[in-house]
Amino acid sequence: MESVERFRATHIFESGNKTLERFWTHPIAMTYTLSGTLDRPVFVVGHPRSGTTLLASMLGRHASIVSTPETLYMNMVRFRVRAVLHLGPDAVLNAILTSPMRFLVLDEADVLTALGALPVLTLRNVFETVLSCFQIADGKPRLLEKTPVHLRHVDELLEWFPDAQVVWIVRDGRACIASLTKVNWATNDLVTLAQQWRRNMAFGKMFAGAHADRIHILRYEELVTDPQETLAPTLRFLDLDPDSAIFDHTQAVHTVKPTETSWKQNVMQPLMPSRADAWKDSFSEQDLYRVEAIIGPSLRQFGYAPLTQAKPVRAAIERTKSIALQNPAGLRLMRSGFLAKESLKANVRQSVSQLRRKTRDSDHRKGGQVA
């Protein structure tokens, strides 16, 4: 904190009137300063492959909502940002441009100007600034951010953005697992995938219970079979008027990154009700038993019926594990472990980057001496 405050004082002192004048007359800076914060931002969350991209794309076609690509900010990018906060806006922008959030930076100069205007750089206002610049550049009045695993950070998002609303899309765990085995960025180990779904659903259930008035839940299966009926309550929750554009799959949106088209291309296709039960052809009888033995109790909690019956001892063990995941203190401790790993990765990344920079500088100096 001391280093951040030191940067703040130094930055303001060294900026001078000319820099301040350039900022105050810059359109993005003026708009950001006048608005202060995002107006009722929407965060779409859910277990990976549960339909978050589909939902965010549909809502992003609404006249009042712009939907961003995934930021991965709370679970990954903020640690890269934290490692360079004390170095100032340029370093922060560079950290974002070399992260999964780079696709949100539509104009580097605008984002840098907005970051430079902040009295002090914090993890929260860096996130808000990038989101706000994206929304202002698009022109729609409200913004929707979608990152599935932000499901584990709903409490933090609601604290950071007091007027935010969260939409949680739930999908049958067996369907999520079957879909995840087909992408190249996830493990194909069924036990690990089953444990991840059970854990993330426990996080969602905990936050939904604690913030019932700020979290809306809908089902993927209902969305693809009856979208109009399913989204009507969602629009009311978000205080949005009906808009037929959300059902027009041909309308382009920002939700899908250029690097994600291979596994997210279905969002530009008509809704397929058959997707709701497609997972049933994905498992052998033995594999289905292995998956349901782990997620069976959680499936029942969310209204899905297991197709197999675990043996009594195994069923008791997995039921106990599911109950243990309902302990808020235990879940938060588990999350701390995940975040500690990401923090370590970010620190190592920053250290390697600094070492490479020093090596290049040293080589340049040696080259100059030889010349």
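Residues numbered from 1 in each chain as written. Predicted model: local features only at pLDDT ≥ 70, side-chain atom pairs only at ≥ 80, totals over all residues. Heavy atoms only, no water.

The next thing to look at is the overall build of the protein. Counting its secondary structure elements, the protein contains 16 helices and 5 strands. Counting all 371 residues of the protein, 50% fall into the buried class. In the protein, of all internal contacts separated by at least 6 residues, the share reaching a separation of at least 24 is 78%. When the accessible surface of the protein is totalled, it reaches about 18,100 Å², and 54% of it is carbon and sulfur. (Helix = DSSP H or I, 4+ residues; strand = E, 2+ residues; numbered from the N terminus. Buried < 20%, exposed > 50% of the residue type's maximum accessible area, 1.4 Å probe, protein only. Contact = heavy atoms within 4.5 Å. Areas by Shrake-Rupley, 256 points an atom, 1.4 Å probe, with all protein chains shown as cover.)

Counting across every chain of the model gives 9 aromatic pairs. Here Trp-197 and Phe-302 contribute two aromatic rings whose centre-to-centre distance is 6.4 Å and whose plane-to-plane angle is 65°, an arrangement assigned as edge-to-face. Within this pair, whereas Trp-197 is found in helix α10 (residues 190-210), its partner Phe-302 is found in the loop between α14 (285-301) and α15 (312-324), the two being separated by 105 residues in sequence. Its relative accessible area of 0% is what places Trp-197 among the buried residues. Of note, Arg-171 hangs over the ring of Tyr-220, and the distance from its end group to the ring centre comes to 4.0 Å. (Phe/Tyr/Trp six-rings, centres within 6.5 Å; stacked < 30°, edge-to-face > 60°. Lys NZ or Arg CZ within 6 Å of the ring centre and 35° of its normal.)

Counting residues in hydrophobic clusters, the biggest one holds 72 residues, and the most contacted among them are Tyr-73, Val-81, Val-92, Val-126, Phe-127 and Trp-168. Considering each element in turn, this core owes the most residues, 10 residues, to α10. Setting aside residues no more than four positions away along its own chain, Trp-168 makes contact with Val-45, Gly-46, Leu-151, Met-201, Gly-204, Lys-205, Ala-208, Ile-215, His-216, Ile-217, Leu-218 and Phe-302. Core analysis: the second largest hydrophobic core is formed by 22 residues, Leu-218, Val-224, Leu-231 and Leu-240 among them. (Core = buried A, V, L, I, M, F, W, Y, C linked by side-chain atoms within 4.5 Å.)

All right, on to the pattern of salt bridges then. Following the criterion strictly, the structure yields 11 salt bridges and no others. One salt bridge in this structure joins Glu-156 and Arg-78, with 3.1 Å as the shortest N-O distance. Taken as a pair, Glu-156 in helix α8 (residues 154-160) and Arg-78 in helix α4 (residues 73-82) lie far apart in primary sequence, 78 residues in all. When sorted by exposure, Glu-156 lands in the same class as Arg-78, which is buried. Here Glu-292 and Arg-174 are joined by a salt bridge, their closest N and O atoms 2.7 Å apart. Of this pair, Glu-292 sits in helix α14 while Arg-174 sits in helix α9 (residues 173-180), and the two are 118 residues apart along the sequence. Accessibility assignment for this pair places Glu-292 and Arg-174 in one class, buried. Three or more residues joined by partner-sharing salt bridges are found here, namely Arg-78, Asp-155, Glu-156, Arg-332 and Arg-335. (Salt bridge = Lys/Arg side-chain N within 4 Å of Asp/Glu carboxyl O.)

Our next topic: the packing of α10 against α14. Where α10 meets α14, the axes come as close as 9 Å, and the angle between the chain directions of the two elements is 5°. If you check the angle between α10 and α14, you find them roughly parallel. Side by side, α10 and α14 meet where Leu-190, Val-191, Ala-194, Gln-195, Trp-197, Arg-198 and Lys-205 of the first sit next to Asp-287, Arg-290, Val-291, Ile-294, Ile-295, Ser-298, Leu-299 and Gln-301 of the second. (Axes fitted to C-alpha atoms, helices over the stretch in contact; angles between N-to-C directions. Parallel < 35°, antiparallel > 145°, perpendicular 65-115°, else oblique.)

Summarising burial for strand β3 (residues 142-146): 5 of the 5 residues are buried, a large majority. Every second residue of β3 is oriented toward a common face, with Arg-142, Leu-144 and Lys-146 on one face and Leu-143 and Glu-145 on the other, all of them buried. The pairing of strand β2 (residues 65-67) with β3 spans 3 bridges and is classified as parallel. Following the sheet pairing, Ile-65 is matched in β3 by Arg-142. (Pairing = 2+ DSSP bridges.)

Within the secondary structure, Arg-198 is located in helix α10. Side-chain polar atoms of Arg-198 contact the backbone oxygen of Ile-294, separated by 3.2 Å. (Polar contact = N/O pair within 3.5 Å; in protein donor to acceptor, adjacent residues only side chain to side chain.)

Strand order in the open sheet formed by 5 strands is β2-β3-β1-β4-β5, with parallel pairing between adjacent strands. Looking at strand neighbours, the two that pair on one side only are β2 and β5 (215-219), the edges of this open sheet. Shown here is a sheet whose adjacent strand axes are inclined to one another by a mean of 25°, direction ignored. Two elements, strand β4 (residues 165-170) and β5, share 5 bridges in a ladder whose sense is parallel. Pairing of Val-170 across the sheet is with Arg-219, part of β5.

With that settled, the discussion passes to unusual backbone geometry. Despite not being glycine, Arg-49 has its phi angle at roughly 70°, a positive value. Residue position: Arg-49 is located in the loop between β1 (42-45) and α3 (52-60). A relative accessible area of 23% places Arg-49 in the partly exposed class. Even without being a glycine, Asp-239 presents a positive backbone phi close to 60°. Among the structural elements, Asp-239 can be located in the loop between α12 (227-237) and α13 (261-264). When its relative accessible area of 57% is taken as the criterion, Asp-239 is described as exposed.

Right, let's talk about the pairing of β4 for a bit. In terms of burial, β4 is a largely internal element, 6 of the 6 residues being buried. Bridge analysis of β1 against β4 gives 4 bridges, and the strand direction is parallel. Its bridge partner being in β4, Val-42 is matched across the sheet by Gln-165.

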